[in-house]
Amino acid sequence: MLGLDLIAPEYLAVLDPFADEAKRIVETSPPLESLPPEIIERAVQRVKWTTKEMLVEPNLNSIRAEVLSFYLMCQGVASVSFPGSPEVRLISEATRKTLRYRMYDLFKKGQIDLCLSAVKRSLNLVDLEIGETIKVAGFTIPREDFYRLRDLRLAEDGLETVDDRILPQYLPRYAVRWTDLAPLLKHRLKELTKLYLVGGWAVITPRDLWDLYASFISVKLEEYVQSVYERILESGTQPAGVLAQVGERISSLVPREVVIRGGFTRGQAGRLRPEFFPPCMKLALNGVGAGLRNYAIMMMLTPFLSYARVAPSGKVATRMADFIDDISIVRDEIAPLLFEAAERCNPPLFKDQPQEKAGIFYHMGFGMTTEPTLADSGRSKWYRTPNCSKIQMSAPSLCRPDELCRQIKNPLTYYFRKKYEGSRAG
Amino acid sequence: MMMREATPEERRRFYQEEWNKRDVPDFILHTISVREFGFDLDGRGPNNRYNQFLTVEQLGDFLRSRAPYSAYASVALYERPSAREGWLKAELALDIDAKDLPVKSCSCPQGSVCERCLDEARQVAKQFAEVLAGDLGLRNINFVYSGRGFHVRINDESVMALGGNERAQVVDYVTGGVIPSDFTMALGYSKVFRERLERTFSLLKVDDLLRVRGMKRSLAQRLIQEKERALAMIRKGRLHELSGFEGLGPKTFRNLLEFLTKLNSGFTDGKVTIDTKRILRLPSSLHSGVSMKCMVVRDLDRFSLEEAVPKFLREAAE
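Residues numbered from 1 in each chain as written. Chains lettered and ligands numbered in written order. Predicted model: local features only at pLDDT ≥ 70, side-chain atom pairs only at ≥ 80, totals over all residues. Heavy atoms only, no water.

Enquirer: Please explain the pattern of salt bridges as it appears in this structure.
Expert: It is possible for side chains of opposite charge to pair when their charged atoms get near one another. What the rule picks out here adds up to 51 salt bridges over all chains. Residues E333 of chain A and R271 of chain A are paired through a salt bridge, measuring 3.2 Å at the closest nitrogen-oxygen approach. Placement of the pair is E333 of chain A in helix α13 (residues 328-343) and R271 of chain A in the loop between α10 (241-251) and α11 (279-285), with a sequence separation of 62 residues. Taking the relative accessible area as the measure of exposure, E333 of chain A reaches 14% and is therefore buried. Of the charged contacts, one joins R217 of chain B and D207 of chain B as a salt bridge, the two residues approaching to 3.9 Å between their closest N and O atoms. Here R217 of chain B is found in helix α9 (residues 217-225), whereas its partner D207 of chain B is found in helix α8 (residues 206-209), with 10 residues between them in sequence. (Salt bridge = Lys/Arg side-chain N within 4 Å of Asp/Glu carboxyl O. Helix = DSSP H or I, 4+ residues; strand = E, 2+ residues; numbered from the N terminus. Buried < 20%, exposed > 50% of the residue type's maximum accessible area, 1.4 Å probe, protein only.)

Enquirer: Would you mind going over the confidence of the model for chain A with me for this structure?
Expert: As a note on interpretation, predicted positions should not be read in detail where pLDDT is low. Mean pLDDT for chain A: 86, with 92% of residues reaching 70 or above. In the predicted structure, residues 257-268 of chain A sits below a pLDDT of 50 and forms 29 contacts with residues beyond four places in sequence or in another chain. (pLDDT = per-residue confidence, 0-100. Contact = heavy atoms within 4.5 Å.)

Enquirer: How should the sheet that holds strand β7 (residues 149-154) of chain B be read in this particular structure?
Expert: Sheet strands associate in pairs through backbone hydrogen bonding, adopting either a parallel or an antiparallel arrangement. All names here are of chain B. Taken in spatial order, the four strands of this open sheet run β5-β7-β6-β11, and their pairing is antiparallel. At either end of the open sheet lies a strand with only one pairing partner, and these are β5 (92-97) and β11 (295-297). Going from strand to strand, the sheet's axes swing by 30 degrees on average, the running direction of each strand aside. Inspection of the sheet shows strand β6 (residues 141-145) paired to β7 by five bridges, in the antiparallel sense. If you follow N142 over to β7, its bridge partner there is R153. Docked against the sheet, helix α4 (residues 115-134) engages β5, β6 and β7, running at close to 15 degrees with respect to β7. (Pairing = 2+ DSSP bridges. Axes fitted to C-alpha atoms, helices over the stretch in contact; angles between N-to-C directions.)

Enquirer: Whenever I open this one, the packing of aromatic side chains confuses me. Can you help?
Expert: Describing an aromatic ring pair means giving the distance of the ring centres and the angle of the ring planes. This model, assessed by the stated rule, comprises 28 aromatic pairs over all chains. Among the aromatic side chains, those forming a connected cluster through ring pairs are F18, F70, Y71 and Y224 of chain A. Lying across the ring of F339 of chain A, K357 of chain A places its NZ or CZ 5.3 Å from the centre. Over the face of the ring belonging to Y50 of chain B we find R84 of chain B, whose NZ or CZ atom lies 4.3 Å from the ring centre. (Phe/Tyr/Trp six-rings, centres within 6.5 Å; stacked < 30°, edge-to-face > 60°. Lys NZ or Arg CZ within 6 Å of the ring centre and 35° of its normal.)

Enquirer: Looking at this structure, I do not really get the environment of R148 of chain B. What am I missing?
Expert: All names here are of chain B. As for its placement among the helices and strands, R148 is situated in the loop between β6 and β7. Overall, the relative accessible area of 25% leaves R148 in the partly exposed class. Linking R148 and A93, residues 55 residues apart in sequence, is a C-alpha distance of 16 Å. Those residues in contact with R148 that sit more than four places away from it in its chain are D97, A98, K99, G111, V113, L118, H287 and V290.

Enquirer: Help me understand the domain arrangement of chain B, please; the structure alone is not making it clear to me.
Expert: Residue and element names in this part refer to chain B. Each assigned domain of chain B is listed here: domain 1 (8-92 + 277-317) and domain 2 (164-275). Facing the seven residues of domain 1 at the interface are six residues of domain 2. Between domain 1 and domain 2, the buried area comes to about 560 Å², and carbon and sulfur atoms account for 53% of it. Summed over the three residues of domain 1 that lose the most area to domain 2, namely L92, K277 and R278, the buried surface amounts to 76% of that side. Applying the counting criterion to the domain 1 and domain 2 interface returns one salt bridge. Linking domain 1 with domain 2 are four residue pairs in polar contact (both at pLDDT 80 or more), by the criterion used here. Class assignment of the residues belonging to the side of domain 1 that touches domain 2 gives a composition of four nonpolar, no polar and three charged. (Domains from an automatic or database assignment. Buried area = accessible area lost by both parts, 1.4 Å probe. Polar contact = N/O pair within 3.5 Å; in protein donor to acceptor, adjacent residues only side chain to side chain. Nonpolar A, V, L, I, M, F, W, Y, C, P; charged D, E, K, R; others polar.)

Enquirer: Would you take a moment to explain the packing of α4 of chain B against helix α7 (residues 189-203) of chain B for this structure?
Expert: Between two packed helices, both the angle of their axes relative to each other and the distance between the axes serve to describe the pair. All names here are of chain B. Put simply, α4 and α7 touch, their axes get as near as 11 Å, and they point 170 degrees apart. Accordingly, the angle class assigned to the pair α4 and α7 is roughly antiparallel. Two secondary-structure elements touch here, α4 through E120, V124, Q127, F128 and V131 and α7 through V192, R196, R199 and L203. Residue composition of the contact of α4 with α7, grouped by class: five nonpolar, one polar and three charged. (Parallel < 35°, antiparallel > 145°, perpendicular 65-115°, else oblique.)

Enquirer: What am I meant to see in the interface of chain B and chain A here?
Expert: Often the size quoted for an interface is simply the accessible area lost on bringing the parts together. With 32 residues of chain B at the interface, the matching set in chain A holds 35 residues. Across the interface of chain B and chain A, roughly 2,800 Å² is buried in total on both sides, 58% from carbon and sulfur atoms. The largest per-residue losses of area from chain B upon contact with chain A belong to N165, Q169 and M185 of chain B, which jointly make up 23% of the total buried on that side. Applying the counting rule to chain B against chain A returns two salt bridges. Between D172 of chain B and R379 of chain A there is a salt bridge whose closest N-O contact spans 2.7 Å. There are 13 residue pairs in polar contact (both at pLDDT 80 or more) connecting chain B and chain A. If you list the elements that add at least two residues to the side of chain B that touches chain A, you get α5 (157-160), α6 (164-175) and α12 (270-274) of chain B. Of the residues forming the side of chain B that touches chain A, the biggest block, seven residues, is contributed by α6 of chain B. Looking at the side of chain B that touches chain A residue by residue, the class counts come to 13 nonpolar, nine polar and 10 charged.

Enquirer: Just checking my understanding: could you explain the pairing of strand β5 (residues 174-177) of chain A for this structure?
Expert: Two faces make up the sheet, and in a regular strand the side chains alternate between them. All names here are of chain A. Taking every second residue as pointing to the same face, both faces of β5 are buried, with Y174 and V176 on one and A175 and R177 on the other. Examined bridge by bridge, strand β1 (residues 125-127) and β5 share three bridges and lie antiparallel to one another. Among the inter-strand pairings, L125 is bridged to a residue of β5, identified as V176. The sheet contact formed by β5 and strand β7 (residues 201-204) spans four bridges and is antiparallel. Looking at the pairing, R177 lines up with W201 of β7.

Next up, the structure:
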């Protein structure tokens with residue numbers, strides 16, 4: 001890749017689409033709506049890139065096409081979906097992989113300083129002092145730990161041995177302030193307990209650096225999409241034309257099917273069917289007043305919806321991961337219903353109690369988090385749906401029994417019986 | 001140590017005769033006008049919220065005139081604290097309540113505290129602070145004796161803008177609430193986890209171990225009888241050697257590890273830490289439920305509960 005040094009400042013836009021260099025390109029370009037077809041095509045194709053297509057030639061035209069297609073992709077998705085949607089996750093993940101590959105490629109080509117200059121705009125980064133002793137910011141790292149970190153990183157990638165060209169990628173070489181990684185911690189893209197921390201510094205390998213930086217940009221992307229989405233909402237007009245077309249085309253590339261672990265013998269879990277919910281849960285879904293909000297959302301709806309969705313016939317288990325292989329069932333199917341119900345409360349539950357968002361996942365057994373992963377499953381208790389008698393006592397205003405209610409003792413029984421009858425009736 | 005509820009008259013005496021603005025710590029004094037204050041005026045809960053005081057004198061006037069059952073200040077700083085709006089940042093806070101410790105060596109009943117479990121809470125606070133300062137490199141760490149336990153309050157700018165998720169990860173780190181991928185490293189989370197595991201395991205009794213899925217009584221008894229041997233294995237990071245205990249197969253070992261890790265998480269109330277709008281008991285105020293002063297602790301090692309006994313209680317005991 002000749003000429004990279006000469007074009008270095010502009011090339012930073014390829015590593016950081018939110019850098020000033022990239023913003024200048026956008027500002028001096030025609031509106032995204034009137035971009036040439038090859039850039040429009042590039043905006044869609046970005047989510048399909050695997051390796052070489054991710055690289056950008058060091059010339060101004062290529063850099064410009066790269067930056068503009070990036071913004072077109074983001075704005076297109078914001079115009080047809082919403083923050084946190086599968087479409088946003090798709091472009092965020094594609095961008096993360098792209099950035100990671102570019103960093104890897106530049107390191108391989110000896111353009112380490114260019115990479116580091118991009119990284120240092122976002123993160124406090126220092127080199128480890130590796131000599132007789134290994135130090136970071138005055139703290140000594142035991143040599144055994146240094147090599148243990150290498151071995152752990154190799155093991156994470158499923159490698160036992162690597163050749164000398166690859167090995168340096170796995171040796172600790174830098175350190176970043178852990179507090180700079182807050183955006184990644186927030187979205188659980190990194191876990192504090194998986195970092196090797198000394199005196200506030202996280203010791204990392206070059207591979208870690210690529211991962212962290214790429215994830216960092218993907219988080220910025222999600223925030224950017226959110227800001228575009230809010231602007232669209234404020235404007236009151238739905239974008240059409242190229243933006244919508246790009247958005248729709250990307251949307252069509254989202255893998256739709258949620259994988260559910262097979263082998264249920266009683267096999268009655270599956271997509272939620274609100275028409276079969278008992279009256280109390282329907283009322284709770286519509287939102288309730290201040291005194292009942294926590295009980296209705298946390299104690300009634302959260303267990304009810306989670307068991308109804310994932311546990312066959314409401315079968316009790318300690319961990320949701322015993323039933324599902326894909327966390328999107330929780331994030332994309334169950335949680336949105338709960339968040340919407342919370343929003344419909346008066347006043348909206350999360351307005352004055354934002355911490356209760358984490359409470360929802362806590363009650364589903366994922367511990368205190370707003371970004372649950374399957375690995376978190378079992379970290380707290382997965383609360384069970386209260387019996388009708390308990391609901392009657394704790395939230396009498398939500399108990400409006402119908403005929404079937406009189407025959408059952410738990411709202412889940414109501415749901416599964418209704419659902420069974422519904423399926424028999426075709 | 002006598003702990004009993006304070007009468008309304010004793011509360012009045014405390015605030016009129018003993019409360020002193022000099023006991024309000026600097027980290028609150030310097031930000032008093034941007035904090036929300038909450039009060040429990042009659043022992044029915046802190047439902048008097050959204051209070052703002054521009055000066056410590058105003059706060060003093062309120063305390064003397066109302067003699068609240070409990071007084072609280074927010075960990076958060078706001079542009080408009082009286083509306084709880086315009087959130088600026090918040091202290092990172094850890095709440096170690098002696099009555100809620102998941103395992104303790106004393107036998108005081110559920111919901112009660114004694115000097116022994118208060119001392120255990122103090123040790124936990126100290127261990128947390130060591131990791132916060134050492135591994136996480138944080139400064140400006142303050143200890144507060146809350147009446148039934150300790151608060152660790154961190155006013156380090158680098159963490160005050162963190163949200164709930166990031167704070168939850170800090171809780172995981174300092175408590176040893178996640179099983180690490182490595183137990184052997186000399187520093188980092190590996191070491192924190194070993195230390196927490198050692199502390200928790202050392203407090204366990206046979207009945208506690210029987211709560212582990214698949215744990216047989218004979219194995220639980222053996223583990224407790226040979227606790228020192230097991231602790232040495234944990235200390236050295238040789239956890240796999242625990243399988244040398246007859247009957248401790250891989251599945252039960254995993255269950256035991258998960259059980260201990262869950263107990264670790266319970267040494268602080270994570271909900272307090274992740275709540276960036278929480279109100280915490282005001283240092284300098286009276287905890288009327290136990291008639292003890294909530295106060296800043298400058299030297300945790302030398303802190304004596306005697307320092308927190310209000311004058312009215314001392315006089316009553318004489």
